Amino acid sequence: MGHHYVLRVVSALLIPVILLFALYVQFHGDFGPGGGFQAGVIFAAALVLNALVFGLENTKRVVSPSAVRIGAALGLLLYAGVGVATMLLGGDFLAYSVLAATAIGGQHLGILLVELGVGITVTSVMVSLFYNFAS
Amino acid sequence: MVEQIGVFNYWIVIALMMTGLYVVISCRNMVKKIIGLNLFQGSVFILYISMGKVEGGTAPILASDFTSYSNPLPHVLILTAIVVGVATTALGLALIVRIHDRYGTVEEDAIQNLDREV
Amino acid sequence: MEAHLPVLVVLGPLMAAPLAVMFANARLAWWLAFLVSIACAWFAVNLLLLVQDGGAISYELGQWPAPWGIELKVDRLNAIVLTLVSAMSAIVLPFAAASVSDEVAPDRTYLFYTCWMLCLCGLLGITVTGDAFNVFVFLEVSSLSTYVLVSLSQRREALVAAFRYLIMGTVGATFILIGIGLIYMMTGTLNMADMAERIQATSHLRPVQAGIAFILVGIAVKMALFPVHMWLPGAYTHAPMAVTAFLAATATKVAVYLLVRFTFTIFGAELIFGTMQVGMPLALLGGAAALVGSLMALSHGTDVKRVLAYSSLAQIGYMAVGIGTGMVLAFAGALLHLVNHAIMKSALFMALGAARKQGRDDTLDPLAGAGRRMPITMTCFSIAGASLVGIPLTAGFLSKWYLVVGTFERGWWALAILTIITSLMAALYMGRILERIWMHEPDAGTPTSEGSWLMWLPLVVLAVANLYFGIETEFTATVTLEAARELLGGWKP
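Values in this document were obtained by computation on a predicted structure and should not be read as measured data.

(A) Structural detail: the overall build of chain C. The helix and strand inventory of chain C stands at 20 helices and two strands. For 493 residues, the compact-globule estimate of 2.2 N^0.38 gives 23 Å, and the C-alpha radius of gyration of chain C, at 21 Å, lies within 12% of that figure. With respect to the principal axes defined by its C-alpha atoms, chain C has extents near 70 × 55 × 40 Å. When the 493 residues of chain C are sorted by exposure, 66% land in the buried category.

Listed below in structure tokens is the structure:
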């Protein structure tokens, strides 16, 4: 991709914007369309664009395959961990209301953490799929 | 008669479903089978989402001016089903890549012949 | 702790699987899988003791009350299947530790056990949930992990078998999804208990009947009922031996459980057997499955793994016949056969795996004369084989007996006689194999000694179970008859 100047310049400008947009979609799942899966895929799309334009090796240096493997596991553990935390705090599995002082606050916090877990796992899985197919 | 045309979303669902199923069953190429599978799953998504629409209802986000909302539950169900579809497609394609490495082809008849020779 | 049992059964493997991935160590992954299986078996036995008098335990996820939230519901039928699946996982894992090193690449072994735990999580989730869509989610979790487990063998036929299994399994699961959608459209609920109430009012409407048909066909694909069984012979034959032993004991059994759950708890015997007349077609397909399975098993004399795979088709056919008759005795026989088939088939596969691992040449038959060289393993194989045929004093006898007597009671003479004839065919093909093991002279491929204790200890446990449940039949008979009576709810043909 060395001689595609337009692609390289535009990608370099756009990739941070895509990542920011992914963060926006992640945290606005409560209030509008969005949430963990969508945000994870957009995040992964930014990384895939990076790999396509700047080379797979470069992207692997930024987000290494073992980081991606650990990320996938970490997201799922976060999700299940929130459930275990609610059980330890006295409620049932994934009863977010017990997580904070008020029920509504607990619901917000619970969903936020759970969607974060989903987002991390989905990003890692999508990127690792790309790494496996591309090599 | 108007009723038959009014439920056109279900006609589309059936058309897509049968097309997808036909592609899965009849195509000998493995990649085409995965494409057919995706068509088939896509029809199911449309079935769920189109059934969730309430006539005159708005997007299911609480707002003071609206009393009638579309049903948000099918959307959540389909999100799960889409993720499942993505995972299945990824797994299918990964299997195809490895089959191509080991057999040199992704046509089912050729693979059956190769297996029979052994 | 006790209040959270239903969710702990699913949560355990779900949390252990990512831990196995994070540390990427095969030994740790095996230990995680084994300890989690033992823990789940412990939880399941506790649940069984809590519900054995007939009560049901309900657990609301997220403390959302029942029809709106996802509910986990454990009753007698559930608890039996939960115990079976987790116990089989714990029993087959030591065998897997010994046999997997030949069949799975060393750098992928931790992934093998991760998928094993995810499969266990999915199967236990299907069993414990009380929400129809949750069934689909866990079904896909277990199915996807199963496709990966089948494909991890280093032989290339396993990849093709896994692909075919993927295509057929996904079509089946999507059918179940369509059926759930149609019924949700007409009843407005996904909770199983709520659906059971609401569906009675709408059961004459076509979308509901179409939805029921879709669900039943989808479950038939997952159960490998004739004619949508084509994925099973390939998947069982080419998968790693530990995977075959585990899957033969669990995956199709959970699908049969799902059939029973949907047919009797949600739709009701009156709707399924009376209005929609599903009983006879189901039993006929079961009979056809038994016939086709037994004929194919007879014709594949040399490849024992393939013979056992086709034999599984026949056994699933028997279960379908038992459910289709709608008689308490035959239905109890089907439920009993569900448990019996699990313990006998996995013992057969594990014994074969032990012989193949100890055998000195991959191309030669390891079973010729193996009775003298591997007495413990082959005795267990023979006991499990006798149970498969249905010889008295083994567990298989009681379930076959109930099935045949129940089918005769229903008046379907032809099917009952077909069951007896196919059992005789089973005696033929098992007899052929047993003759090779005990009567022939050992040849170049025969193993020279018993395998490691990891391989024969699970076998001994299962063989003892077969004999124990064959001799001491009081407990299993009463539990299954009670469950059958409760599920049929007094419906008579």
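(B) Examining the overall build of chain B more closely. Scanning chain B from N- to C-terminus turns up five helices and zero strands. Reading the secondary structure of chain B in the N-to-C direction produces α-α-α-α-α. The globule rule puts the C-alpha radius of gyration for 118 residues at 13 Å, and the 20 Å found for chain B is more than 25% above it. Dimensions of chain B, computed from C-alpha atoms along their principal axes, come out at roughly 70 × 35 × 15 Å. Counting only residues that meet the buried cut, chain B has 25% of its 118 residues in that class.

(C) Up close: the confidence of the model for chain C. On average, residues of chain C carry a pLDDT of 90, and 99% of them reach 70 or more. Across the predicted assembly, pTM comes out at 0.94 and ipTM at 0.94.

(D) Just the interface of chain C and chain B, in detail. Facing the 22 residues of chain C at the interface are 25 residues of chain B. Per-element accounting of the side of chain C that touches chain B gives the leading share, 15 residues, to helix α6 (residues 156-187) of chain C. Across the side of chain C that touches chain B, the residue classes break down as 15 nonpolar, four polar and three charged.

(E) Examining the environment of B:Asp115 more closely. Assignment of secondary structure puts B:Asp115 in helix α5 (residues 108-117). Taking C-alpha positions, B:Asp115 is 9.4 Å from B:Tyr103, a pair spaced 12 residues apart along the chain.

(F) Highlighting the interface of chain A and chain B. Taken together, the contacts link four residues of chain A with five residues of chain B. Split by residue class, the side of chain A that touches chain B holds two nonpolar, two polar and no charged.

(G) Geometry of the packing of helix α2 (residues 26-51) of chain C against helix α4 (residues 109-128) of chain C. Residues and elements named next belong to chain C. It is the contact of α2 with α4, at a shortest axis distance of 7 Å, that shows an interaxial angle of 20 degrees. Regarding the angle of α2 to α4, the classification is roughly parallel. Both α2 and α4 take part in a crossing whose hand is left-handed. Every residue of α4 that contacts α2 at Ala 26, Ala 29, Trp 30, Leu 32, Ala 33, Val 36, Ser 37 and Cys 40 is listed here: Thr 109, Tyr 110, Tyr 113, Thr 114, Trp 116, Met 117, Leu 120 and Leu 124. Tallied by class, the residues present in the contact of α2 with α4 amount to 13 nonpolar, three polar and no charged.

(H) Inspection of the nonpolar core at higher detail. Ranked by internal contacts, the top residues of the largest apolar core, which has 270 residues, are C:Met117, C:Ala162, C:Ala347 and C:Ala351. Discounting residues that sit within four places of it in the chain, C:Ala347 has contacts with C:Cys380, C:Ala384, C:Leu459, C:Leu462 and C:Ala463.

(I) Region of the structure containing unusual backbone geometry. All names here are of chain C. Cis geometry marks the peptide bond from Phe 226 to Pro 227; its omega dihedral reads 0 degrees. Looking at the element boundaries, Pro 227 is found in the loop between α8 (206-223) and α9 (231-238). With a phi angle near 55 degrees, Gln 63 is a residue other than glycine that sits in the positive phi range. Here Gln 63 lies in the loop between β1 (57-60) and β2 (71-74). Residue Gln 63 is classed as partly exposed on the basis of its C-beta count, with 16 C-beta atoms lying within 10 Å. At Ala 224, a position not held by glycine, the phi torsion is positive, near 60 degrees. Relative to the elements of secondary structure, Ala 224 occurs in the loop between α8 and α9. Take Ala 224: there are 28 C-beta atoms within 10 Å of it, and that puts it in the buried class.

So, how was this worked out
Residues numbered from 1 in each chain as written. Chains lettered and ligands numbered in written order. Predicted model: local features only at pLDDT ≥ 70, side-chain atom pairs only at ≥ 80, totals over all residues. Helix = DSSP H or I, 4+ residues; strand = E, 2+ residues; numbered from the N terminus. Rg over C-alpha atoms; globule rule 2.2 N^0.38 Å. Buried ≥ 20, exposed ≤ 12 C-beta atoms within 10 Å, placed from the backbone. pLDDT = per-residue confidence, 0-100. Contact = placed C-beta atoms within 7 Å. Nonpolar A, V, L, I, M, F, W, Y, C, P; charged D, E, K, R; others polar. Axes fitted to C-alpha atoms, helices over the stretch in contact; angles between N-to-C directions. Parallel < 35°, antiparallel > 145°, perpendicular 65-115°, else oblique. Left-handed = near helix turned anticlockwise from the far one by under 90°. Core = buried A, V, L, I, M, F, W, Y, C linked by C-beta atoms within 7 Å.

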